[in-house]
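So you can see what is in the structure, the chains are spelled out below.
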Amino acid sequence: LFLLGGGIGVLFIAMHRLFDQRRMSLHSMVEQGLVNKEFIPYYQPIVNVTSQSLYGCEMLARWKRPGQELISPMEFIPYVEKSGQILPITEQLIKKAIDEIGKLNWQNTKQIISINVVPEQLESIEIIDRSLDLLRSSKLEATQLAFEVTERKPFNNLTMAFDVIEYLRDKGIDVKLDDAGTGYGGFSYIQELNIRSIKIDKMFVENIGTSDIKLSLLDSIIAFGKQAGMEMIAEGVETKEQSEYLAEQGVYLQQGYYFGRPMVFRDFAYFCKGIAPN
Ligand code: C2E
Ligand code: CA
Ligand code: CA
Ligand code: CA
């Protein structure tokens, strides 16, 4: 028994080492990616279907390693959120995005660029002050920046987050609750953090046209949003039918493949030429 225990122990240590090595190498791959600026912002349009105009865009991260296919954020964001490397990655992306979107002359038309952040980033004003600095040297105004946050990782310091979100509101920067209605888009935060905008997750939008229980969930989220006077953006809109249903329910800010996929800046700039400004 003793020997068996020892054997398992050795096996455990060996496996642990292997796991650790993998983690180390992913960690250093990301570090290298930061140095080589391999993280690139993609932009997906958000459309106002009532006025047929552009509300703005969401910035979505992609990772381009030399000689490799584009890596989706689903593959690396969960890891870098844990490792803490999401902080420098976001910073690099914001810098690039403000630089690129600044070229679109949005200063008169007031479209918004919306950035995904983790709760931690709303618990200090570091990234915010840095973003504000970047905005000052661009043509964009502070009011044209927005942040999206989910509950994928919890807030550690709600009091601090509340203060930061108030500080942002003072500057005209909106914080949106992402993935609203899923386990991650926690409705308790709406009240606790005084959040005024929600992004309705695509898992609800998908069910439009079916009799799925999620359709009644969608209806209740919309009813709640209206009652509370929330700004609502629906994500994952892929069909005309979904878009029309949402618009009938009063959700006229929409995002999804039906309008445009996330794209590189050059393509997004081209897309913007084909649609009325806000
Ligand atoms: P999300 O914030 O909920 O972003 C929406 C996701 O839905 C994006 O996936 C987008 O490409 C996808 N999408 C948009 N329209 C449609 C549609 O009509 N149909 C379908 N099937 N999908 C659609 P993506 O780009 O793969 O990003 C996945 C997630 O990774 C994001 O979900 C977000 O939570 C996270 N993420 C991406 N970039 C960043 C970032 O810079 N920072 C952080 N913290 N998270 C990020
Ligand atoms: Ca988002
Ligand atoms: Ca979302
Ligand atoms: Ca989502």
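Refer to the preceding data block for the structure.
Bear in mind the structure is a predicted one, so any value in this text is a computation, not a measurement.

Peer 1: Just checking my understanding: could you explain the overall build of the protein for this structure?
Peer 2: The secondary structure content of the protein amounts to ten helices and nine strands. Expected size for 278 residues packed as a compact globule is a radius of gyration near 19 Å; at 21 Å, the protein falls within 12% of this value. Considering only intrachain contacts with a sequence separation of at least 6, the fraction spanning at least 24 residues in the protein is 69%. Here the protein has roughly 14,600 Å² of accessible surface; of this, 56% comes from carbon and sulfur atoms. Separation between the mean location of the 29 positive side-chain charges and that of the 36 negative ones in the protein comes to 6 Å.

Peer 1: Help me understand the pattern of salt bridges, please; the structure alone is not making it clear to me.
Peer 2: Two side chains bearing opposite charge may form a pair once their charged atoms approach each other closely. All told, the structure shown has 13 salt bridges when counted by the stated rule. The salt bridge partner of Glu91 is Arg130, with a shortest N-O separation of 2.6 Å. With Glu91 in helix α3 (residues 86-101) and Arg130 in helix α4 (residues 126-136), this residue pair connects regions lying 39 residues apart in the sequence. Of the residues examined, Glu91 reaches a relative accessible area of 28% and is grouped as partly exposed. Classification of Arg130 by relative accessible area gives partly exposed; the value is 36%. In this structure, Glu126 engages Arg130 in a salt bridge whose closest nitrogen and oxygen atoms are separated by 3.5 Å. Residue Glu126 and its partner Arg130 are both found in helix α4; the two are separated by four residues, about one turn of the helix. Salt bridges sharing partners connect three or more residues here, namely Glu58, Glu148 and Lys199.

Peer 1: I'm lost on the site of ligand 1 in this one. Help?
Peer 2: Near ligand 1, the surroundings consist of 24 residues, among which Gln44, Arg62, Lys202, Glu238 and Tyr257 are the closest. Asp179 is positioned with one of its side-chain polar atoms (N or O) 3.1 Å from an oxygen atom of ligand 1. In isolation ligand 1 exposes 800 Å². Once the protein is present, 90% of that is buried. Counting atoms within 2 Å of the grid points, the majority share of ligand 1 lands in the largest pocket. Taken together, the elements giving at least two residues each to the shell around ligand 1 come down to β2 (53-64), α2 (73-83), α3 and β6 (174-180). Here the shell around ligand 1 is composed, by residue class, of eleven nonpolar, four polar and nine charged.

Peer 1: Please clarify how the coordination of the calcium ion (ligand 4) should be interpreted in this entry.
Peer 2: The reference angle at a metal is 109.5 degrees if four donors form a tetrahedron and 90 or 180 degrees if six donors form an octahedron. The protein atoms that coordinate the calcium ion (ligand 4) are Asp179 (OD), Asp201 (OD) and Glu235 (OE), at distances of 2.3 to 2.4 Å. Positions of the donor residues of the calcium ion (ligand 4) along the chain correspond to the pattern D-x21-D-x33-E. A gap of 3.3 Å separates the calcium ion (ligand 4) and the calcium ion (ligand 3), which Asp179 links by coordinating each metal. Here Asp179 is found in strand β6, whereas its partner Glu235 is found in the loop between β8 (231-234) and α9 (240-248), with 56 residues between them in sequence. Under the relative-accessibility criterion, Glu235 is labelled buried at 10%.

Peer 1: Teacher, can you tell me more about the coordination of the calcium ion (ligand 3) here?
Peer 2: Protein-derived coordination of the calcium ion (ligand 3) comes from Asp178 (OD), Asp179 (OD), Glu235 (OE) and Glu235 (OE), at a distance range of 2.0 to 2.9 Å. Donor residues for the calcium ion (ligand 3) sit on one chain with the sequence pattern D-D-x55-E. The exposure class assigned to Asp179 is buried, which follows from its relative accessible area of 14%.

Peer 1: Would you mind showing me how to read the nonpolar core here?
Peer 2: Buried together is how nonpolar side chains tend to be arranged in soluble globular proteins. Counting residues in hydrophobic clusters, the biggest one holds 74 residues, and the most contacted among them are Ile101, Phe147 and Phe268. Apart from residues lying up to four places away in sequence, Phe268 is in contact with Tyr43, Pro45, Leu54, Gly56, Cys57, Ile101, Leu104, Trp106 and Met263. Counting six residues, the second-largest nonpolar core is a separate cluster that includes Ile46, Tyr55, Ala146 and Ile233.

Peer 1: Whenever I open this one, the layout of surface pockets confuses me. Can you help?
Peer 2: Over the atoms rolls a probe the size of a water molecule, and in doing so it shows where empty space is left. Its volume calculated, the largest pocket comes out at about 1,100 Å³. Around the largest pocket, the lining is made up of 40 residues, and of these Glu58, Leu60, Pro73, Met74 and Lys202 lie nearest the centre. Of all the secondary structure elements, the ones that give two or more residues to the lining of the largest pocket are β2, α2, α3, β4 (112-117) and β6. In the lining of the largest pocket, the residues fall into 17 nonpolar, ten polar and 13 charged.

Peer 1: Looking at this structure, how should I read the state of the cysteines?
Peer 2: In a disulfide, the sulfur atoms of two cysteines are held together by a covalent bond. Under the criterion given, the structure shown has zero disulfides. In this model Cys272 remains outside any disulfide bridge; the closest cysteine sulfur is found in Cys57, 7.3 Å from its own.

Calculation rules
- Residues numbered from 1 in each chain as written.
- Chains lettered and ligands numbered in written order.
- Predicted model: local features only at pLDDT ≥ 70, side-chain atom pairs only at ≥ 80, totals over all residues.
- Heavy atoms only, no water.
- Helix = DSSP H or I, 4+ residues; strand = E, 2+ residues; numbered from the N terminus.
- Rg over C-alpha atoms; globule rule 2.2 N^0.38 Å.
- Contact = heavy atoms within 4.5 Å.
- Areas by Shrake-Rupley, 256 points an atom, 1.4 Å probe, with all protein chains shown as cover.
- Lys, Arg positive; Asp, Glu negative; His and termini not counted.
- Charge placed at Lys NZ, Arg CZ, Asp CG, Glu CD.
- Salt bridge = Lys/Arg side-chain N within 4 Å of Asp/Glu carboxyl O.
- Buried < 20%, exposed > 50% of the residue type's maximum accessible area, 1.4 Å probe, protein only.
- Near = heavy atom within 4 Å.
- Polar contact = N/O pair within 3.5 Å; in protein donor to acceptor, adjacent residues only side chain to side chain.
- 1 Å grid on protein atoms, 1.4 Å probe; cavity = no way out; pocket = protein on both sides within 12 Å on 5 of 7 lines; lining within 4 Å.
- Sits in = over half its atoms within 2 Å of the grid points.
- Nonpolar A, V, L, I, M, F, W, Y, C, P; charged D, E, K, R; others polar.
- Donors = N, O, S within 2.8 Å, 3.2 Å for Na, K, Ca; no water.
- Core = buried A, V, L, I, M, F, W, Y, C linked by side-chain atoms within 4.5 Å.
- Points joined across faces, edges and corners; volume = space filled by probe spheres on them.
- Disulfide = S-S within 2.5 Å.

By themselves, these observations are geometric and do not establish any function.
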